[in-house]
Amino acid sequence: MSSGGFDALLLLSFGGPEKPSDVRPFLENVTRGRNVPSARLDEVEQHYLHFGGVSPINKLNRQIIAAVQKELAAAGLDLPVYFGNRNWHPLAEDTVEEMADAGVDRALVFPTSAWGGYSGCRQYHEDIARARASVAENGNEARNAPELVKLRHYYDHPLLVDAFADAIRRARDELPPPLRSGARLVFTAHSIPVAADESAGVPSEGGHLYSRQVREAARLCAEASGVDDYDVVWQSRSGPAHIPWLEPDICDHLESLSEAGEKAVIVCPVGFVSDHLEVVWDLDTEAKEKAAELGMGFARAATPGTDPRFAKLVVELVREAIGLAVPRRLGAEPSRGTAVNGSPCLPGCCQVRRRVSATQA
Ligand SMILES: CC1=C(CCC(=O)O)c2cc3nc(cc4[nH]c(cc5[nH]c(cc1n2)c(C)c5CCC(=O)O)c(CCC(=O)O)c4C)C(CCC(=O)O)=C3C
Ligand SMILES: [Fe+2]
């Protein structure tokens, strides 16, 4: 039971609540040690409760896993696929323990974030290290934590770009015919603190790896969908108001576009792999309402997770890692993120200087 020296694949994701009573403990896991005001948590709790306390993310990840299992089998790769999360069940710690029990010695890790940066990359390395350490702490002597090799950033993979480009075309066709050709294309990704973006990537390369990759992905998706003028904006900021985050926010941007006379938008959530809460609340609910208020046409491009090309992309990254495929990349920004057992990609890569709060000091 081994393919190219690996005996399993772990899909590592963010996790989300699956019932109302999960919501608060989930949010506490996400924001532990972070500077997120409790008023923001109350607000986000309501967003989850609006959907019955269920985030779509786990179900969507299970669908991705089912599609990946089929693609792996079709490629002749004998790799069972495991599912683990940073913030909610199934937690990475428990899954890696299960992998150890099943005798997995060496596994590849596919992260559901395509990006560099602390939240999108380095924190997944930390999850890997924490999960392995927990097996070592709980384990009997005979059982070792598997070696875990994380796959690279795929923000510029042609299969991802093609999936988004088709989604943009389909979204344009959803608008009323008179609005289609003039609709403004707006890409959006999760905002992060400006300081986190500055320290994303290796310092010697000037940082900003996250926003550079987002802008590059937007450029590639726009080009592939035949659009030469578009915007890149941000969404879902949290944290105290006095700390700067990447801007403009999508809703503020809709106002600017309306003032400039734009009549319709196509919003492409390029920063997200699937329709999780930031997409169904912040875009499909809030931004959509804002567009309606402004009298603008609004269409949201689909996320790529459920596109058959996404499972093919996962398998191509696996084949790349075991030397069966050459890397396919369209972008000019680096693609990093590969490392063993949760060590950072490079020294100082995506290192966030976190402010110690009064209670911790
Ligand atoms: C870059 C990035 C990605 C993309 C890369 C990736 O995919 O990993 C991402 C994904 C996600 N973020 C998610 C949910 C949340 N993110 C939060 C808070 C934060 N996100 C941040 C960044 C990112 N987040 C940051 C800098 C914070 C501030 C606190 C901190 O420094 O960590 C909070 C706390 C409340 C709030 O403030 O909103 C929640 C609930 C979900 C699950 C959604 C669902 O349940 O369907 C997903 C996929
Ligand atoms: Fe987030």
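Every value quoted in this text rests on a predicted model; they were computed, and no experiment measured them.

In this section: the domain arrangement of the protein. As assigned here, the protein comprises domain 1 (8-154 + 307-340) and domain 2 (158-304). Between the C-alpha centres of domain 1 and domain 2 there is a distance of 24 Å. On the domain 2 side, the residues contacting the 33 residues of domain 1 number 37 residues. Contact between domain 1 and domain 2 buries roughly 3200 Å² in total, counting both sides, with carbon and sulfur atoms accounting for 67%. On the surface where domain 1 and domain 2 come into contact, there are 3 salt bridges. Among the ionic pairs, Arg 309 bridges to Asp 166, the shortest N-O distance being 2.8 Å. Applying the counting rule to domain 1 against domain 2 returns 11 residue pairs in polar contact (both at pLDDT 80 or more). With 5 residues, helix 12 (residues 308-321) is the single largest residue contributor to the side of domain 1 that touches domain 2.

Moving on to the site of ligand 1. Residues in contact with ligand 1 amount to 24 residues; listed here are only the nearest, Arg 40, Tyr 48, Ser 55, Ser 238 and Leu 277. With respect to ligand 1, the side chain of Arg 40 contributes an N or O atom lying 2.6 Å from an oxygen atom. Relative to its free-state accessible area of 870 Å², ligand 1 is covered by the protein chains to the extent of 94%. Those elements giving two or more residues to the shell around ligand 1 turn out to be helix 1 (20-31), helix 2 (38-50), helix 5 (118-138) and helix 11 (277-293). The element contributing the most residues to the shell around ligand 1 is helix 1, with 4 residues.

This part takes up the confidence of the model for the protein. Across the protein, the average pLDDT comes to 94, with 96% of residues at or above 70. With pTM at 0.95, the complex prediction returns an ipTM value of 0.93.

On the basis of which strands lie adjacent, the open sheet formed by 5 strands has the order 2-1-3-4-9 and mixed pairing. Looking along the sheet, the strands with just one partner apiece sit at the ends: strand 2 (81-85) and strand 9 (339-340). Of the pairings in the sheet, the one linking strand 3 (residues 106-111) to strand 4 (residues 147-150) comprises 4 bridges and is parallel in character. Residue pairing across strands places Arg 106 opposite Glu 147, the latter belonging to strand 4. Across the sheet, helix 4 (residues 92-101) touches strand 1 (8-13), strand 2, strand 3 and strand 4, and the angle it forms with strand 2 is around 150°.

Cut-offs applied
- The residue numbering used here restarts from 1 in each chain and proceeds along that chain's sequence as written.
- All chains are assigned letters beginning with A, and all ligands numbers beginning with 1, in the order in which they are written.
- Local features in this predicted model are restricted to residues of pLDDT 70 or higher, and side-chain atom pairs are both shown and tallied only at a pLDDT of 80 or more, whereas totals for entire chains, interfaces and linings draw on every residue.
- The basis for the side-chain values is all heavy atoms of the structure; hydrogens and waters are excluded.
- For the purposes of this description, domain bounds are those given by an automatic or database domain assignment.
- Every residue pair with non-hydrogen atoms within 4.5 Å of one another is taken to be in contact.
- The quantity reported as buried area is the accessible area (1.4 Å probe) lost by two parts once they are put together, taken as the sum for both.
- Just to be clear on terms, a salt bridge is a Lys or Arg side-chain nitrogen sitting within 4 Å of an Asp or Glu carboxyl oxygen.
- Here a polar contact means two N or O atoms within 3.5 Å. Within protein one must be a hydrogen donor candidate and the other an acceptor candidate, and residues neighboring in sequence count only if both atoms are side-chain atoms.
- We count a stretch as a helix when DSSP gives it H or I for four or more residues in a row; a strand needs E for two or more, and each element gets its number in order from the N terminus.
- The cutoff for a nearby residue is simple: one of its non-hydrogen atoms must lie within 4 Å of the molecule or strand.
- For accessible areas, the Shrake-Rupley method is used with a probe of radius 1.4 Å. Any residue's cover is judged against the shown protein chains and nothing else.
- pLDDT expresses, on a scale from 0 to 100, how confident the predictor is about each individual residue.
- Note: two strands are recorded as paired if DSSP finds a minimum of 2 bridges between them.
- In this analysis, axes come from line fits to C-alpha atoms, helices being fitted only over the stretch in contact, and the angle between any two N-to-C directions falls in the range 0 to 180 degrees.

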